[in-house]
Amino acid sequence: MALRYTRELVAKQGAVNDALTLEMQELFTKAEFADLLFSVGYHIGMQYIGKAMHWDDACPVPWLNDGAQPTD
């Protein structure tokens, strides 16, 4: 169910069907539902942050900019 909800959330860009949201809230505790939404949002957001960090060598981690692996 969490995977179904997440796919719907991403596909609809956050405009998930109300009935599906209510079903999720019946199956999960408030904390579990909040954790799911935070996790999805974090991972989606980090994809964009990761792209932005590598734009124009803005990433602060030198070995990532060079495409090399850490030596330690």
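Keep in mind it's a predicted model, so treat the numbers as computed, not measured.

A. The arrangement of the packing of helix 1 (residues 2-11) against helix 2 (residues 18-27) in detail. For the pair helix 1 and helix 2, the least separation of the axes is 11 Å and the interaxial angle reads 150°. Once helix 1 is placed against helix 2, the crossing between them reads as left-handed. Here Ala2, Arg4, Tyr5 and Glu8 of helix 1 lie close against helix 2, whose contacting residues are Leu20, Thr21, Glu23 and Met24. Here the residues of the contact of helix 1 with helix 2 sort into 4 nonpolar, 1 polar and 3 charged.

B. Region of the structure containing the packing of aromatic side chains. Overall, the coordinates contain 2 aromatic pairs when judged by the stated rule. The interplanar angle of 20° and the centroid separation of 6.2 Å between the aromatic rings of Phe38 and Tyr42 together place this pair among those described as stacked. In this pair, Phe38 and Tyr42 are both assigned in helix 3 (residues 30-53), 4 residues apart and thus about one turn of the helix distant. Since its relative accessible area comes to 58%, Phe38 is described here as exposed. In this structure Tyr42 comes out as partly exposed when scored by relative accessible area, which is 43%.

Definitions and limits used
Residues numbered from 1 in each chain as written. Predicted model: local features only at pLDDT ≥ 70, side-chain atom pairs only at ≥ 80, totals over all residues. Heavy atoms only, no water. Axes fitted to C-alpha atoms, helices over the stretch in contact; angles between N-to-C directions. Helix = DSSP H or I, 4+ residues; strand = E, 2+ residues; numbered from the N terminus. Left-handed = near helix turned anticlockwise from the far one by under 90°. Contact = heavy atoms within 4.5 Å. Nonpolar A, V, L, I, M, F, W, Y, C, P; charged D, E, K, R; others polar. Phe/Tyr/Trp six-rings, centres within 6.5 Å; stacked < 30°, edge-to-face > 60°. Buried < 20%, exposed > 50% of the residue type's maximum accessible area, 1.4 Å probe, protein only.

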